[in-house]
Amino acid sequence: MASLAQASTALSTSCKPTLQALSSRVSSLKSVSFSITGKRFPSLSSRPGRLQVSCSAKPETLNKVCDIVKKQLALPDTTAVTAGSKFTELGADSLDTVEIVMGLEEEFGISVEEDSAQTIATVQDAADLIEKLVEKKA
Amino acid sequence: MNIHGLQRNFCSAPTTLLPVQLPTRMESHLCGDELQKRALLARALVRTTIARYTNDRVDPRSLNFKKNGYGKPEVEWQIADDWQPPALQFNISHTSSLIACGVTVDSPIGIDVEEKQRKLKHHILAFARRYFSSHEVEHLTSISDIEIQRQQFIKLWTLKEAYVKALGRGFSASPFKTFTIQLKAAAKRGIYLSRDVESEISEISVDSLGSENLTNNWQFLLLELAGSHYAAICMQKHNTLGGKGNVPIKLTARRTIPLVEDECVLGTSAVVPISGLTF
């Protein structure tokens, strides 16, 4: 399963996944999930307005990141925090973001460089970076 | 250099600054609509402020903006035959309850505001050891009162943010660990609110550890805004005096609701200088 952040009506990716059951509600949704058969493709850098497709982070990693973010921002349990959630949209300012990164470093035993930290905009970004760093450590 | 502050919880009596009940930490995280509103307010504040300093020649709506190579917003002036636009530079910062916009003529500027009561989820010294320079960690460690330590931390944070934003090359170009901000106490005689005040107004300086960044041409101010926020401002000095000492800055501060209200608050309790400023 992969999630598509910021769906636009024209899809363009660097590889050719097989799309199954692409919902006709795509254009009205902020995020869309679709099944992909075929090979795994790498995560693209996430900048606002660009397509971000990624399927490398494990669900447990994503969940841990969501928990850390919720705790840092003191969000009520009812708030939906998903892979595509942007930190800024959840109300994080720059100090929050740095604290979140610090929380992730502590939780996963990694060290995040400043230039990597700058690329983290969503929960998914964080999870992907964590897995990359954890893998490098191993 | 002018700072415009927009308070979101604005009371309708413009002549007195009523104390603002700050939202709790949970309420103060803006989501969805609130974020959009804040973005709109921030844009309105920047546009109306810059338009004002063109002597109202430019309509706020007609201003264009672009980003520099590192994502820092700048004004993109339209070329006109009969008018040379002023060399205005600006920067903004917001918290959930205050948006600040600083404008200068011909000087890069960075501004950062933070709630005075902001508390960290982490232990302050652990955070500082991870992100601040060793001198700054030393300074914070030496403060025994934890409340004063927290306040000094917030001040340092805003000053560091303001510096990086003024440099305009993104945070990875100047990681926080690579420069030290120092508040040096210097007893100065200051005139504030037309009273002579013997006060310890400290000077703020930045030292870059081992990089080519010129650090003696940046000037800092630290203010308390609306009784509730620290505001740090960093701007480049125009050195005609050979680099030593601070060049006097003409500062204006206004509290604003864009297109609705606008009042000068310099000299009132809404703007209290903390460091780097003598009148």
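Residues numbered from 1 in each chain as written. Chains lettered and ligands numbered in written order. Predicted model: local features only at pLDDT ≥ 70, side-chain atom pairs only at ≥ 80, totals over all residues. Heavy atoms only, no water.

## Quick notes on the overall build of chain B
Helix and strand counts for chain B stand at four helices and 15 strands. Counting across all 279 residues of chain B, residues that qualify as buried make up 48%. In chain B, the share of contacts with a sequence separation of at least 24, taken over all contacts with a separation of at least 6, comes to 59%. Here chain B has roughly 13,900 Å² of accessible surface; of this, 52% comes from carbon and sulfur atoms. (Helix = DSSP H or I, 4+ residues; strand = E, 2+ residues; numbered from the N terminus. Buried < 20%, exposed > 50% of the residue type's maximum accessible area, 1.4 Å probe, protein only. Contact = heavy atoms within 4.5 Å. Areas by Shrake-Rupley, 256 points an atom, 1.4 Å probe, with all protein chains shown as cover.)

## Examining the sheet that holds strand E6 (residues 109-115) of chain B
Residues and elements named next belong to chain B. Spatially, the four strands line up as an open sheet ordered E6-E12-E11-E15, and their pairing is antiparallel. Each end of this open sheet is capped by a strand with a single partner; those strands are E6 and strand E15 (271-275). With direction set aside, neighbouring strand axes in the sheet form an average angle of 25°. Sheet topology places strand E11 (residues 218-225) next to E15; four bridges connect them, and they run antiparallel. Considered in E15, the bridge of Glu 224 is made with Val 272. On the sheet, helix H4 (residues 146-167) packs against E6, E11, strand E12 (229-236) and E15 and is oriented at approximately 155° with respect to E6. (Pairing = 2+ DSSP bridges. Axes fitted to C-alpha atoms, helices over the stretch in contact; angles between N-to-C directions.)

## A closer look at the side chain of Ser 205 of chain B
All names here are of chain B. Inspection of the secondary structure puts Ser 205 in strand E10 (residues 203-208). Judged by its relative accessible area of 18%, Ser 205 is buried. When neighbours within four sequence positions are excluded, Ser 205 is seen to be in contact with Thr 180, Ile 181, Gln 182, Lys 184 and Phe 220.

## Thoughts on the packing of aromatic side chains
Residue and element names in this part refer to chain B. Under the definition given, this model contains 14 aromatic pairs over all chains. Aromatic pair Phe 132 and Phe 153: ring centres 5.3 Å apart, planes at 10°, arrangement stacked. You can see Phe 132 sitting in the loop between helix H2 (124-131) and helix H3 (134-141) and its partner Phe 153 sitting in helix H4, a full 21 residues away along the chain. The same class applies to Phe 132 and to Phe 153, which are both buried. Between Phe 171 and Phe 176, the ring centres sit 6.2 Å apart and the planes meet at 55°, which makes this aromatic pair tilted. On the basis of relative accessible area, Phe 171 is assigned to the partly exposed category, the value being 26%. An aromatic cluster of at least three residues, connected via ring pairs, comprises Phe 127, Tyr 131, Phe 132, Phe 153, Trp 157, Tyr 163, Phe 171, Phe 176, Phe 179, Trp 218 and Phe 220. For Arg 130, the ring lying beneath its charged end belongs to Tyr 131, and the centroid distance is 4.7 Å. (Phe/Tyr/Trp six-rings, centres within 6.5 Å; stacked < 30°, edge-to-face > 60°. Lys NZ or Arg CZ within 6 Å of the ring centre and 35° of its normal.)

## Things to note about the packing of helix H2 (residues 94-108) of chain A against H2 of chain B
Two elements in contact, H2 of chain A and H2 of chain B, have axes whose closest approach is 12 Å; the angle formed by their N-to-C orientations is 90°. With respect to their mutual orientation, H2 of chain A and H2 of chain B come out roughly perpendicular. Two secondary-structure elements touch here, H2 of chain A through Leu 95, Val 98, Glu 99, Val 101, Met 102 and Glu 105 of chain A and H2 of chain B through Ala 126, Phe 127, Arg 130 and Tyr 131 of chain B. Among the residues forming the contact of H2 of chain A with H2 of chain B, the class breakdown is seven nonpolar, no polar and three charged. (Parallel < 35°, antiparallel > 145°, perpendicular 65-115°, else oblique. Nonpolar A, V, L, I, M, F, W, Y, C, P; charged D, E, K, R; others polar.)

## As for the interface of chain A and chain B
Accessible area lost during the coming together of the parts is what is often quoted as the interface size. At the junction of the two partners, chain A supplies 26 residues and chain B supplies 23 residues. Taking both partners together, chain A and chain B bury about 2,100 Å²; carbon and sulfur atoms supply 56% of that area. Looking only at chain A, the three residues that lose the most surface to chain B are Leu 95, Met 102 and Glu 114 of chain A, adding up to 30% of its buried area. The tally of links between chain A and chain B comes to three salt bridges. With its nearest N and O atoms 3.0 Å apart, the salt bridge here joins Asp 96 of chain A to Arg 118 of chain B. Our count for the contact surface shared by chain A and chain B stands at ten residue pairs in polar contact (both at pLDDT 80 or more). Grouping the amino acids of the side of chain A that touches chain B by side-chain chemistry returns ten nonpolar, seven polar and nine charged. (Buried area = accessible area lost by both parts, 1.4 Å probe. Salt bridge = Lys/Arg side-chain N within 4 Å of Asp/Glu carboxyl O. Polar contact = N/O pair within 3.5 Å; in protein donor to acceptor, adjacent residues only side chain to side chain.)

## Quick word on the confidence of the model for chain B
Residue and element names in this part refer to chain B. With 75% of its residues at a pLDDT of at least 70, chain B reaches an overall mean of 80. The low-confidence segment residues 8-28, where pLDDT is below 50, has 34 contacts with residues more than four positions distant or belonging to other chains. Taken as a whole, residues 187-200 scores under 50 in pLDDT and shows 27 contacts with residues more than four places along the chain or in a different chain. (pLDDT = per-residue confidence, 0-100.)

## Structural notes on the pattern of salt bridges
Residues and elements named next belong to chain B. Under the counting rule described, the total for this entry stands at 15 salt bridges over all chains. A salt bridge links Glu 224 to Lys 116, with the shortest nitrogen-to-oxygen separation between them at 2.9 Å. In this pair, Glu 224 is assigned in strand E11 and Lys 116 in the loop between E6 and H2, connecting sequence segments 108 residues apart. Given a relative accessible area of 17%, Glu 224 falls into the buried group. Take Lys 116: its relative accessible area is 17%, and that puts it in the buried class. In this structure, the salt-bridge partner of Arg 150 is Glu 147, at a minimum N-O distance of 2.7 Å. Of this pair, Arg 150 and Glu 147 both sit in helix H4, three residues apart, roughly one helical turn. Accessibility expressed as a relative area gives 6% for Arg 150, which makes it buried.

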